Amino acid sequence: MSELLVSGGRVLRPDLTVERADVLVDQDSGDVAAVGEPGALSGDDELDASEGLVVPGLVNAHTHVAMTLLRGYADDKPLDAWLQEDIWPVEAELTPKDVRAGAELGLVEMIKSGTTALSDMYFHVDEIAGAVEQAGLRAVLGHTAVTVGKDEADAREDVQQSLDVAERLDGAADGRIRTTFQPHSLTTVGEELLREFVPAANDAGRPIHLHANETSDEVGPIVDEHGKRPLEYADDLGVLGPDTWIAHGVHVDEREIELLADTDTGVAHCPASNMKLASGMAPVQELLDAGVTVGLGTDGAASNNDLSMFDEMRDAAMIGKLAAEDASAMAAASVVEIATAGGAELLGFDSGRIEAGANADLAVVDLDQPHLTPAHDLVSHLVYAASGSDVRHTVCDGTVLMRDRDVKPFDEATVVERADEHATALVGRATE
Ligand SMILES: N[C@@H](CCSC[C@H]1O[C@@H](n2cnc3c(=O)[nH]cnc32)[C@H](O)[C@@H]1O)C(=O)O
Ligand SMILES: [Zn+2]
């Protein structure tokens, strides 16, 4: 048995208290074997956590990891125009190799900022799965179906593909990859196909992930057409349930919040994307108070524009207070909770907490820095003062993915260079 000792630091416990402790990782099972008194445990290999805080690996509950290729390509526009005028025309030119290059870049960025699990929505998913397998991360993947603007045969083919890809890739990378059925949103996939395929996904036991209630522009047409709120329509279609989580949930009314709680449907909150596209402020504190399971997501790098969950935590705290008009809303502990245990619950991974028996998915944050001094409250620091570049080591499934900022599964310089080349050629093709 090979064991890794994360030693000399402080550890963020599941109840969000901090104590001096060492963490012993069983690298064969990929689980935490024990959390013990400093110096009491020993392993074959050691990871130095002195002057550091060991935290659960962050869980990015909604992203499009390959969209790193479009980082900074189209900014300062609302969702609808941004997608239709800029993003979709370029995405139409994406090749599988582009997606692989963009995904690798995004995954390197995640490893460097302490993220160990992600929920992704995209296409050419085999390439994303290959990149995740190489990265050593944990992911929930899927093929996102869009039917607007497609003829009947293409539309059906796309939705069928979402179901097929989910079935084929579930359990890949030694179980680190799980899958979801993914209608893009309630307005971009037609009702007939939703009525046919959602029950099929449910019958297959496939979790569902989709964008919903992101902008007010998408709520109106659903109310006009179906005479009900988007999440009532979703419920009617069989979309809601304990295995489903929606991205955004910005424009939800009281009844919809109740519906989310009653059906145990989760929400991936994406504050940076919501601010940047001026989509609105999600009532996250209200969702939490109603008992809804909430995770935190960056969304894609074209609407953020980075994939750091540290930035996202700060944004969640800030906009959460503004939305509630209450400075005590989305307190630091709640934010850390959604970025770790909350996201893990949505994705269905036994991660998001450092405890014997849980997945050994963790990051060590370097506290020995001016902007993290003094150390009155380390949970506060994680949300309000730390950044992704403060992460010293990242471990997923018991494997060290970054040691002293050196990313192990990839040659970082090669990944950066390749992504840059692919992005430049892609935009060239799309605009020629
Ligand atoms: N474009 C493909 C499938 C869509 S993949 C998932 C899509 O979500 C898009 N996307 C990224 N961020 C957002 C968002 O915030 N709201 C809605 N869609 C988004 C992203 O650009 C990508 O096109 C097709 O037409 O078949
Ligand atoms: Zn999205």
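Residues numbered from 1 in each chain as written. Chains lettered and ligands numbered in written order. Predicted model: local features only at pLDDT ≥ 70, side-chain atom pairs only at ≥ 80, totals over all residues. Heavy atoms only, no water.

### Some remarks on the UniProt feature "binding site: substrate" (unreviewed entry) in the protein chain
Here comes step 1: The feature "binding site: substrate" (unreviewed entry), as annotated in UniProt, sits at Glu91, His184, Glu214 and Asp299 in this numbering. Lining the largest pocket, from this annotated set, are Glu91, His184, Glu214 and Asp299.
Here comes step 2: Checked against the element boundaries, Glu91 lands in helix H1 (residues 79-91).
Here comes step 3: By relative accessible area, which is 9% here, Glu91 ends up buried.
Here comes step 4: Among residues more than four places away in sequence, those in contact with Glu91 are Met67, Leu70, Tyr122 and Phe123.
Here comes step 5: Here Asp299 falls in the buried class, since its relative accessible area comes to 5%.
Here comes step 6: If near-sequence neighbours (up to four positions away) are discounted, Asp299 is found in contact with His62, Thr63, His64, His211, Glu214, His248, Cys270, Ser273 and Leu307.
Here comes step 7: Polar contacts involving the side chain of Asp299 include one to the side chain of His248, which spans 3.2 Å. (UniProt positions renumbered as here; feature names shortened; annotations may be inferred. 1 Å grid on protein atoms, 1.4 Å probe; cavity = no way out; pocket = protein on both sides within 12 Å on 5 of 7 lines; lining within 4 Å. Helix = DSSP H or I, 4+ residues; strand = E, 2+ residues; numbered from the N terminus. Buried < 20%, exposed > 50% of the residue type's maximum accessible area, 1.4 Å probe, protein only. Contact = heavy atoms within 4.5 Å. Polar contact = N/O pair within 3.5 Å; in protein donor to acceptor, adjacent residues only side chain to side chain.)

### A closer look at the coordination of the zinc ion (ligand 2)
Here comes step 1: Protein coordination at the zinc ion (ligand 2): the donors are His62 (NE2), His64 (NE2), His211 (NE2) and Asp299 (OD), at 2.1 to 2.3 Å from the metal.
Here comes step 2: Around the zinc ion (ligand 2), the 4 donor atoms are arranged such that angles at the metal cover 84 to 169°; this shape is classified as irregular.
Here comes step 3: Linear spacing of the donor residues for the zinc ion (ligand 2) on their chain is H-x1-H-x146-H-x87-D. (Donors = N, O, S within 2.8 Å, 3.2 Å for Na, K, Ca; no water. Tetrahedral: all angles 85-135°; square planar, octahedral: opposite > 155°, others 65-115°.)

### Things to note about the site of ligand 1
Here comes step 1: The immediate surroundings of ligand 1 are formed by 20 residues, with Trp88, Glu91, His184, Glu214 and Asp299 found nearest.
Here comes step 2: At 2.6 Å from an oxygen atom of ligand 1 is found a side-chain nitrogen or oxygen belonging to Glu214.
Here comes step 3: Interatomic distance of 3.4 Å between a side-chain N/O atom of His248 and an oxygen atom of ligand 1.
Here comes step 4: In isolation ligand 1 offers 550 Å² of accessible surface; the protein chains occlude 91% of this area.
Here comes step 5: With respect to the detected pockets, ligand 1 is housed in the largest pocket.
Here comes step 6: Sorting elements by how many residues they give to the shell around ligand 1 places H1 first, with 6 residues.
Here comes step 7: Split into classes, the residues belonging to the shell around ligand 1 amount to 9 nonpolar, 6 polar and 5 charged. (Near = heavy atom within 4 Å. Areas by Shrake-Rupley, 256 points an atom, 1.4 Å probe, with all protein chains shown as cover. Sits in = over half its atoms within 2 Å of the grid points. Nonpolar A, V, L, I, M, F, W, Y, C, P; charged D, E, K, R; others polar.)

### What about the sheet that holds strand S7 (residues 52-56)?
Two pairing modes exist for strands in a sheet, parallel and antiparallel, and in both the strands are linked by backbone hydrogen bonds.
Here comes step 1: Read from one edge of the open sheet, 7 strands run S3-S2-S7-S18-S19-S20-S21, paired in mixed fashion. Across the chains shown, the open sheet's two edge strands, defined by having one partner strand only, are strand S3 (18-20) and strand S21 (406-407).
Here comes step 2: Across 5 bridges, S7 lies against strand S18 (residues 362-366) in antiparallel orientation. By the bridge assignment, Pro56 is partnered in S18 with Leu362. (Pairing = 2+ DSSP bridges.)

### Thoughts on the UniProt feature "domain: Amidohydrolase-related" (unreviewed entry) in the protein chain
Here comes step 1: UniProt records the feature "domain: Amidohydrolase-related" (unreviewed entry) at residues 53-400, using the numbering of this structure.
Here comes step 2: Helix makes up 44% of residues 53-400 and strand 16%, with an end-to-end C-alpha separation of 16 Å.

### What to know about the layout of surface pockets
Here comes step 1: Within this model, the largest pocket holds a volume of roughly 900 Å³.
Here comes step 2: Taken together, 40 residues make up the lining of the largest pocket; nearest its centre are Leu83, Trp88, Val146, His184 and Thr188.
Here comes step 3: If you tally residues by element for the lining of the largest pocket, the top one is H1, at 7 residues.
Here comes step 4: By residue class, the composition of the lining of the largest pocket is 14 nonpolar, 18 polar and 8 charged. (Points joined across faces, edges and corners; volume = space filled by probe spheres on them.)

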